[in-house]
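Summary of structural features
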Amino acid sequence: MEQLALNVEARLAVADPVLGRFVAAVAMEAGLTVARIDDVVLAISTVVGMARARHVESVALTCAAAPRQLDMVISALADHGPVALGDGPAINGVPVLQMLADTVDASAAKGGRPALRLRFTSDETFITL
Amino acid sequence: MKPQENLVRIRVPACDSGVVAVRQALAGLCDAVARQRADDVRVAVTEACDGVCRFAVLNTLADQDIDVEAVLSDTALTVIVRGAGAGLPTTGSTSRRVRASLMGAVADQMTVVPRTAKQGTETRLTFFLDHGVPLR
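The rules behind each value
- Residues numbered from 1 in each chain as written.
- Chains lettered and ligands numbered in written order.
- Predicted model: local features only at pLDDT ≥ 70, side-chain atom pairs only at ≥ 80, totals over all residues.
- Heavy atoms only, no water.
- Helix = DSSP H or I, 4+ residues; strand = E, 2+ residues; numbered from the N terminus.
- Buried < 20%, exposed > 50% of the residue type's maximum accessible area, 1.4 Å probe, protein only.
- Contact = heavy atoms within 4.5 Å.
- Areas by Shrake-Rupley, 256 points an atom, 1.4 Å probe, with all protein chains shown as cover.
- Salt bridge = Lys/Arg side-chain N within 4 Å of Asp/Glu carboxyl O.
- 1 Å grid on protein atoms, 1.4 Å probe; cavity = no way out; pocket = protein on both sides within 12 Å on 5 of 7 lines; lining within 4 Å.
- Points joined across faces, edges and corners; volume = space filled by probe spheres on them.
- Nonpolar A, V, L, I, M, F, W, Y, C, P; charged D, E, K, R; others polar.
- Buried area = accessible area lost by both parts, 1.4 Å probe.
- Polar contact = N/O pair within 3.5 Å; in protein donor to acceptor, adjacent residues only side chain to side chain.
- Patch = residues over 30% accessible without salt bridge, like charges linked within 9 Å, V, L, I, M, F, W, Y side chains within 5 Å.
- Axes fitted to C-alpha atoms, helices over the stretch in contact; angles between N-to-C directions.
- Parallel < 35°, antiparallel > 145°, perpendicular 65-115°, else oblique.
- Left-handed = near helix turned anticlockwise from the far one by under 90°.
- Expected span 1.5 Å × (residues − 1).
- Bend = angle between axes of the 7 residues up to and from the residue.

Quick word on the overall build of chain B
When you go through chain B residue by residue, the secondary structure sums to three helices and five strands. Listing every helix and strand of chain B by position from the N terminus yields β-α-α-β-β-α-β-β. Taking all 136 residues of chain B together, 50% fall into the buried category. Within chain B, residue pairs in contact and separated by at least 24 positions form 63% of the contacts whose partners lie at least 6 positions apart. Carbon together with sulfur atoms contributes 50% to the accessible area of chain B, which is approximately 6,600 Å² in total.

Considerations on the pattern of salt bridges
Tallying each qualifying case throughout the model produces 15 salt bridges over all chains. Its salt-bridge partner being Arg9 of chain B, residue Glu9 of chain A comes within 3.2 Å of it at the nearest N-O pair. On the criterion of chain membership, the pair formed by Glu9 of chain A in strand S1 (residues 4-11) and Arg9 of chain B in strand S1 (residues 5-13) is interchain, its members lying in two chains. Glu9 of chain A gets classed as partly exposed once you look at its relative accessible area, which sits at 26%. When the shortest N-O distance is used, the salt bridge between Arg37 of chain B and Asp108 of chain B registers 2.6 Å. Here Arg37 of chain B is found in the loop between helix H1 (16-33) and helix H2 (38-58), whereas its partner Asp108 of chain B is found in the loop between helix H3 (94-106) and strand S4 (109-114), with 71 residues between them in sequence. For Arg37 of chain B, a relative accessible area of 9% corresponds to the buried category. Residues joined by salt bridges that share partners form a network here, namely Glu69, Arg82, Glu122 and Arg124 of chain B.

Here's the deal with the layout of surface pockets
In this structure, the second largest pocket encloses a volume near 180 Å³. In terms of lining residues, the second largest pocket is bounded by 14 residues, among which Asn7 and Glu9 of chain A together with Arg9, Ile10 and Arg11 of chain B are the most central. Every element with two or more residues in the lining of the second largest pocket is listed here: S1 and strand S2 (58-66) of chain A together with S1 and strand S2 (65-72) of chain B. Class assignment of the residues belonging to the lining of the second largest pocket gives a composition of five nonpolar, two polar and seven charged.

Points about the interface of chain B and chain A
The parts lose accessible area when they come together, and the size of an interface is often stated as this lost area. Facing the 25 residues of chain B at the interface are 18 residues of chain A. Surface buried jointly by chain B and chain A totals about 1,800 Å² across both partners, of which 61% is contributed by carbon and sulfur atoms. Per-residue buried area on chain B facing chain A is highest for Arg9, Ser17 and Gln24 of chain B; these three make up 24% of the total on that side. Inspection of the region where chain B meets chain A yields two salt bridges. Among the ionic pairs, Asp31 of chain B bridges to Arg21 of chain A, the shortest N-O distance being 2.9 Å. Connecting chain B to chain A are six residue pairs in polar contact (both at pLDDT 80 or more). Those elements giving two or more residues to the side of chain B that touches chain A turn out to be S1 and H1 of chain B.

Notes on a nonpolar patch on the surface
Taken together, Ile91, Val94 and Met99 of chain A make up a surface patch of nonpolar side chains, about 240 Å² in accessible area. Along the polypeptide, Ile91 of chain A turns up in strand S4 (residues 90-91).

Brief notes about the packing of helix H1 (residues 12-30) of chain A against H1 of chain B
Contact geometry of H1 of chain A with H1 of chain B gives a least axis separation of 7 Å together with a crossing angle of 155 degrees. Between H1 of chain A and H1 of chain B, the angle falls in the class roughly antiparallel. In this structure, the crossing between H1 of chain A and H1 of chain B has a hand that is right-handed. Only Ser17, Val20, Ala21, Gln24, Ala25, Ala27, Gly28, Leu29, Asp31, Ala32 and Val33 of chain B of H1 of chain B make contact with H1 of chain A, whose side of the interface consists of Val14, Pro17, Val18, Arg21, Phe22, Ala25, Val26 and Glu29 of chain A. Split into classes, the residues belonging to the contact of H1 of chain A with H1 of chain B amount to 13 nonpolar, three polar and three charged.

A look at the packing of H1 of chain A against helix H2 (residues 34-53) of chain A
Between two packed helices, both the angle of their axes relative to each other and the distance between the axes serve to describe the pair. Residues and elements named next belong to chain A. Their axes nearest at 9 Å, the elements H1 and H2 cross at an angle of 155 degrees. Considering their axes alone, H1 and H2 lie roughly antiparallel with respect to each other. Both H1 and H2 take part in a crossing whose hand is right-handed. In contact with Leu12, Ala15, Asp16, Leu19, Gly20, Val23, Ala24, Ala27 and Met28 of H1, H2 contributes Ile37, Val40, Val41, Ile44, Ser45, Val48, Ala51 and Arg52. Split by residue class, the contact of H1 with H2 holds 13 nonpolar, two polar and two charged.

Re H1 of chain A
Residue and element names in this part refer to chain A. With 19 residues, H1 should reach 27 Å at 1.5 Å per residue; the first-to-last C-alpha distance of 26 Å fits that figure. The principal kink in H1, of about 30 degrees, is found at Val18. Taken across its 19 residues, H1 has 14 buried, putting it largely inside the fold. Note on H1: the residue one or two positions beyond its end, Gly31, has a positive phi of about 90 degrees.

Laid out in structure tokens, this is it:
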């Protein structure tokens with residue numbers, strides 16, 4: 001799979017199923033393992049929950065997919081101020097997003113606006129039988 | 001959610017991976033608002049997106065995108081697929097005719113709007129929702 005950039009924007013009412021299945025498909029195409037795809041989908045649910053708490057109307061994300069790597073940039077959350085990882089759920093003080101993604105950058109910028117950038121990688125390749 | 005709301009907007013590269021992502025995203029949308037039409041939406045949208053991809057490949061167009069919008073009204077889900085290409089002629093290759101027939105069969109309404117050569121084609125697929133819209 002060559003490097004691909006994919007954009008999706010969904011209203012909050014349908015964001016969870018739409019974005020979840022979208023990123024799962026992209027992650028699978030990128031060759032992430034099933035375990036990592038689970039992490040990606042759970043991260044999206046977490047982000048949608050953060051959007052709901054911020055009363056954001058829609059969630060937009062850009063996926064950059066490369067072999068065994070998926071980057072997601074979520075900008076809509078920042079419509080109501082900069083995104084802090086502490087806004088999301090945490091376990092024993094550790095943000096869930098930080099547990100799920102390899103790297104989390106809450107100070108990323110997209111189109112001049114603050115954004116949240118998540119990176120997921122796999123050491124192994126997803127194998128289809 | 002208000003009627004006539006633009007629910008989903010997607011822009012992906014015109015390639016197989018892009019089509020897969022669009023199909024899954026719209027399957028997720030159908031899970032939320034139009035479960036009874038999920039199979040029809042998946043088939044028709046896949047064909048429309050695949051048409052854009054085939055045009056890009058046949059004409060060796062690099063960096064072509066597929067734009068997809070889904071709009072929900074009180075009675076229908078409308079999916080608009082835009083991409084480069086000359087549209088779906090009623091005559092021409094067998095695969096194009098089959099593609100148009102298939103989309104026309106599974107969608108309740110299908111409109112193909114050829115735009116300028118530079119703008120490509122817009123395929124508008126409407127799926128009526130028999131039992132209202134089960135919004136969450």
